[in-house]
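# Examination of the molecular architecture
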Amino acid sequence: MTLFFQIKHKFPLQKTWIVLVYSFLLTVLNSCNDDDAIEDTALHSIEISTGDIYPEFNPEIKDYYITSLNTLQNIEVTIDDFDTSKNIYINNTKINTKTTSIKLNNGQDIVIRSGSNSENSTTYTIHYLPNDLPKTNLISKNNPTEGYTFINLFELSSQGTRNYSYIAILDNDAFPVFYKKLPYQAVINFMCFVTEDGQKRYSYNVNEIGKIIVMNEHFEEIKQLNLLPHNGHGNYPTDNHDLIYLSDNHYILPSYVVREDVNMTAYGGSASVDLVEFVFQEIINNQVVFEWNTADHPELLSATDPIYYSQYATATKVDYFHFNSIAIDPNDQNFVVSARHTNQIYKINRTTGAIMWRFGGSNDDFNLVGNQIISHPHHATILPNGNLLLFDNGVTKTPKQSRIAEFELDETNTTANLVFEYNDAGRYFDIMGSAQKLSNGNYFIGWGGNITSQSNANKSDITEINSSGNIVLDISFSNNPGSFTYSYRALKYSITF
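Just so it is clear, the structure is predicted and the values come from calculations on it, not from any experiment.

The rules we used
Residues numbered from 1 in each chain as written. Predicted model: local features only at pLDDT ≥ 70, side-chain atom pairs only at ≥ 80, totals over all residues. Heavy atoms only, no water. Helix = DSSP H or I, 4+ residues; strand = E, 2+ residues; numbered from the N terminus. Rg over C-alpha atoms; globule rule 2.2 N^0.38 Å. Buried < 20%, exposed > 50% of the residue type's maximum accessible area, 1.4 Å probe, protein only. Contact = heavy atoms within 4.5 Å. Areas by Shrake-Rupley, 256 points an atom, 1.4 Å probe, with all protein chains shown as cover. Lys, Arg positive; Asp, Glu negative; His and termini not counted. Charge placed at Lys NZ, Arg CZ, Asp CG, Glu CD. Salt bridge = Lys/Arg side-chain N within 4 Å of Asp/Glu carboxyl O. Phe/Tyr/Trp six-rings, centres within 6.5 Å; stacked < 30°, edge-to-face > 60°. Lys NZ or Arg CZ within 6 Å of the ring centre and 35° of its normal. Pairing = 2+ DSSP bridges.

## Remarks on the overall build of the protein chain
From N to C terminus, the protein chain includes 5 helices and 37 strands. Taken over the C-alpha trace, the protein chain has a radius of gyration of 31 Å; the compact-globule value for 497 residues is 23 Å, which it surpasses by more than 25%. Seen through its C-alpha atoms, the protein chain measures out along the principal axes to roughly 120 × 50 × 45 Å. When the 497 residues of the protein chain are sorted by exposure, 52% land in the buried category. Partitioning the intrachain contacts of the protein chain with sequence separation of at least 6 by distance along the chain shows that 53% fall at a separation of at least 24. On the protein chain, roughly 22400 Å² of surface is accessible, and the fraction owed to carbon and sulfur atoms is 49%. Once the 32 positive and 55 negative side-chain charges of the protein chain are each reduced to a mean point, those two points are 7 Å apart.

Following this line, the structure appears as structure tokens:
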């Protein structure tokens, strides 16, 4: 201040000019000596509503990924240390509150910039696609059915499986509009249900914990399901192959149960064999209203494919039935079950538990011949017109050939007529697979997997065809050398989110 007064008294007529010089000097001095004038652009917390970011947030780390991302709905971004003195932008839009709702386009990262200008700012990026999410590729598209494809993605290789899996929803460009990373080796059977009261529910099966996980319309977990104590047994873990979900209080759950020390000498086997049995329950309001167990049907032991029949004498544990799908016939409400190792589809009376008919395999009630014969079927459903649709792996056929097949059934006279099939010459997938008929008459195919053939693994994994057999959508998964990325099923739903 001394300098100011000296200048003022010496030049009294130039007060305005002196004040300006003095202000400039103060600004220069403050900019040199006041550390608080440097803008703090670091953030200390970022949260995304659809999943957890990783690695764990650290202000010094600028690039992140996220365990789950959902572009079908709005996403909330929360910055806990937000205050109005900071200039914070999300995807180039300045935010004014701690929590901001955004909508992402396909492939659009979440870019958060803190700072008043690009030269003095800190930028954090949450990337849309994780590095370890298997890539999905559009091969061709020609007016496919509107809708979204539900898949699971896991990798098999000679080194075994990874310790994580993904579930994902693809649009018709084969792009993941939703994904969720899960800490399990083989999460499968990602499905959508519209319940009896009109609610959307999503589910996936986890064999490692013996549970089926159910999510609400926001993909938030609401239930974990397993079979209940009944007929003298305790809880059973759920198997990962299927689920029927009718409402939050009504569902059908499957399980594999080992029956120990069974004498199989009557079948040419040893005196002590452990058998893998299939059990399923219909549960209403947390009460078992129906239970079915292959152990109650010893005639099935002689129906297994010769590949497995011989194991009665050579293996300590035999998976002679191997259930892989369960459905409800929409025409009479009875159950339809697919068993890979007996080459058969069964209709099971929903009241008595009696086997009403057996389609395929030994003792086939429909007397299938020639190209009608099925081998190691998957995903059998009865269509509204009464036809049977299934995925036929073709494991024991010569040549080995996979296909989808639709049969017209006369259940009264137990006759069948093959009315549609689709295959791709030389395409053979020995495990998994799904077949779905869409409301417009198109067929939607999940080709499953082949663990022994890299050439088959590198073919398309999902195909939609029209009723003339023309491909309207073809999608593949990228494979690492010596490994195979599969989805147990691929199912298409015409739904809105």
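## Quick notes on the pattern of salt bridges
One pass over the structure, following the stated rule, counts 19 salt bridges. As a salt-bridge pair, Glu 411 and Lys 347 come within 2.9 Å of each other at their nearest N and O atoms. Remark: Lys 347 occurs in strand S26 (residues 344-348) and Glu 411 occurs in the loop between strand S30 (403-410) and strand S31 (415-422); sequence separation between them is 64 residues. Lys 347 gets classed as buried once you look at its relative accessible area, which sits at 0%. The partner of Asp 392 in a salt bridge is Lys 397, with the nearest N and O atoms 3.0 Å apart. When its relative accessible area of 0% is taken as the criterion, Asp 392 is described as buried. When its relative accessible area of 22% is taken as the criterion, Lys 397 is described as partly exposed. Several salt bridges share partner residues, and in doing so they unite Asp 329, Asp 332, Lys 347 and Glu 411 into one network.

## With respect to the packing of aromatic side chains
Under the counting rule described, the total for this entry stands at 38 aromatic pairs. Aromatic pair Phe 178 and Phe 219: ring centres 4.2 Å apart, planes at 20 degrees, arrangement stacked. Residue Phe 178 is located in strand S14 (residues 176-182), and its partner Phe 219 is located in the loop between strand S17 (211-215) and strand S18 (221-225); the two are separated by 41 residues in the primary sequence. For Lys 181, the ring lying beneath its charged end belongs to Tyr 164, and the centroid distance is 4.6 Å. Above the plane of the ring of Trp 447 lies Arg 427, whose end atom (NZ or CZ) is 4.2 Å from the centre.

## Considerations on the pairing of strand S25 (residues 335-339)
Looking down a regular strand, the side chains alternate between one sheet face and the other. Counting buried positions along S25 gives 5 out of 5 residues, so the element sits mostly inside the fold. Alternating positions in S25 separate into two faces, Phe 335, Val 337 and Ala 339 on one and Val 336 and Ser 338 on the other, with burial throughout. Judged from the 5 bridges that link them, S25 and S26 form a sheet pairing that is antiparallel. Looking at S26, one finds that Ser 338 is bridged to Ile 345. Where S25 hands over to S26, the hairpin turn is made up of 4 residues, of which Asn 343 adopts a positive phi near 60 degrees.

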